[in-house]
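# Architecture at a glance
Residues per chain, in single letters:
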Amino acid sequence: MKKIALYIHVPFCVQKCLYCDFLSAPAGRETQRRYVDTLMLELAYWQQRLEGQYEVDTVFIGGGTPTALAPELLEEIGVAIGRFSFSSAPEYTIEANPGTVTSEHVRTMKQMGVNRVSLGVQSAQPGELQQLGRIHTYESFAESYHLLRQQGFDNINVDLMADIPGQTLASYSDTLDKILALQPEHISSYSLIIEEGTPFEVMYQQGKLQIPSEETDRQMYVLTKERLESQGYDRYEISNYAREGYACRHNLTYWQMGEYLGIGLGASSYMGGVRFSNERNLTQYVSQKADQHVVERHPLSKREEMEEFVFLGLRKTQGIALGDYQRRFHVDFHEIYQHVLPQLLENGLLAESEKRDKIYLTNYGIDVSNTVLAEFLLDEE
């Protein structure tokens, strides 16, 4: 059977962070109950459709904050997920926010088969957490982290953020030190982006956000790479670092253009060369039947698939295996991009392996990746 990645969206949180543009919001127990009921029907619908054709290789329950749900609701979701056919050694991730993780949540995760937890701390500095609108402290994050360790979780990711208003290189360095002392298996470090429609966008336009300078941002970026690599973490994607054997297989499915199925409000999927996504309005979603949730569908042309394969693949530090490109599209990469590659290689934006069977972004190329990727757009046929 073909392998597929399964994503389940939980659109609830205790409090909306000021920078967040994800499809999430606080909600009462009645709304959560109705949502989970709808989610269960959608899971059952897709379990039947995939049976005999696909086996689930990775599961990712994200949000929002999945641990904002009561443990019994999480358990119901877990039972429905468990009815799918699985590969022999699936990766099973759940996102959790400090301040929402209880002992009961952790026991429920274990019962569900979760073997990877992603904790969003963002910063270890009280003032920076307050600026972001986070509900937790570093101390409550550490409590959640140690609780997971005590219950046997040996694959934990920690999310960090750079360019937080008021953040300095020294405060970011201190956050890195505190996280490294805990020795998680995986660390993600993202730069803050001022997203449209967020409170941060309004504050930024009003001149009320003191964002670190571009120079400080660059120093944080270099510090992250140097500090983490010196501690045994391999940067396998632009913003993601892992100890050997702990790269996130679910995210790699996205970056390698594997097939994935999204369940829940606004969830996106890619199957059989078609991208499709679910209804984004909660009231509409919970009133629909299981076969009515998909509201957008776009079959990718060969040109679009070729472009996306390059755009996504170059996010990985190992880049693109040209043999994979040849097998997938039945064309030679060097021939398709013969007018682009020599200049990018000569300017030090791209590099290739000794056997010329892989290309990847250099450190300089990563810095200006948007410019580099634009060179790989293909003319419309």
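In case you missed it, the structure is sitting above this.
A quick note: this is a predicted structure, and the numbers were derived from the prediction, not measured.

## A word on the state of the cysteines
Evaluation of the coordinates by the stated rule reveals zero disulfides. With no disulfide of its own, C17 lies closest to C20 among cysteine sulfurs, the gap being 6.2 Å. Distance from the sulfur of C248, which forms no disulfide, to the nearest cysteine sulfur (C20) is 19 Å.

## Let's talk about the pairing of strand β4 (residues 116-122)
Extensive coverage of β4 is indicated by the burial of seven of its seven residues. The two faces of β4 match: R116, S118, G120 and Q122 on one face and V117, L119 and V121 on the other face are all buried. The sheet contact formed by β4 and strand β5 (residues 156-162) spans five bridges and is parallel. Each bridged residue has a counterpart across the sheet, and for G120 the counterpart in β5 is D159.

## Regarding unusual backbone geometry
The phi torsion of most residues other than glycine is negative, and most of the peptide bonds are trans. G63 connects to G64 through a cis peptide bond whose omega is 15°. Assignment of secondary structure puts G64 in the loop between β2 (54-63) and α2 (71-81). Phi is positive for Q122, which is not a glycine, with a value near 70°. For Q122, the position within the fold is in strand β4. In this model, R356 sits at a positive phi of 60°, which is unusual for a non-glycine residue. For R356, the location among the structural elements is in the loop between β14 (350-352) and β15 (358-361). We classify R356 as partly exposed; its relative accessible area is 47%.

## Notes on the packing of helix α11 (residues 302-313) against helix α12 (residues 322-329)
Contact geometry of α11 with α12 gives a least axis separation of 11 Å together with a crossing angle of 165°. Between α11 and α12, the interaxial angle falls into the category roughly antiparallel. In terms of crossing hand, the pair formed by α11 and α12 is right-handed. Contacts between α11 and α12 involve K302, E305, M306, F309 and V310 from the first element and D324, Y325, R328 and F329 from the second. For the contact of α11 with α12, a count of residues per class yields five nonpolar, no polar and four charged.

## Regarding the sheet that holds β15
Taken together, the three strands give an open sheet; going across it, the order is β13-β15-β14, and neighbouring strands pair in antiparallel fashion. Whereas interior strands pair on both sides, the edge strands pair on one side only; in this sheet they are β13 (320-321) and β14. Two elements, β14 and β15, share three bridges in a ladder whose sense is antiparallel. If you follow A351 over to β15, its bridge partner there is Y360.

## Side note on the side chain of N155
Among the secondary structure elements, N155 is positioned in the loop between α5 (138-150) and β5. Relative accessible area serves as the criterion here: at 11%, N155 is assigned to the buried category. What N155 contacts, discounting residues up to four positions off in sequence, is N115, R116, V117, R149, E185 and Y246.

Criteria and cut-off values
Residues numbered from 1 in each chain as written. Predicted model: local features only at pLDDT ≥ 70, side-chain atom pairs only at ≥ 80, totals over all residues. Heavy atoms only, no water. Disulfide = S-S within 2.5 Å. Buried < 20%, exposed > 50% of the residue type's maximum accessible area, 1.4 Å probe, protein only. Helix = DSSP H or I, 4+ residues; strand = E, 2+ residues; numbered from the N terminus. Pairing = 2+ DSSP bridges. Axes fitted to C-alpha atoms, helices over the stretch in contact; angles between N-to-C directions. Parallel < 35°, antiparallel > 145°, perpendicular 65-115°, else oblique. Left-handed = near helix turned anticlockwise from the far one by under 90°. Contact = heavy atoms within 4.5 Å. Nonpolar A, V, L, I, M, F, W, Y, C, P; charged D, E, K, R; others polar.

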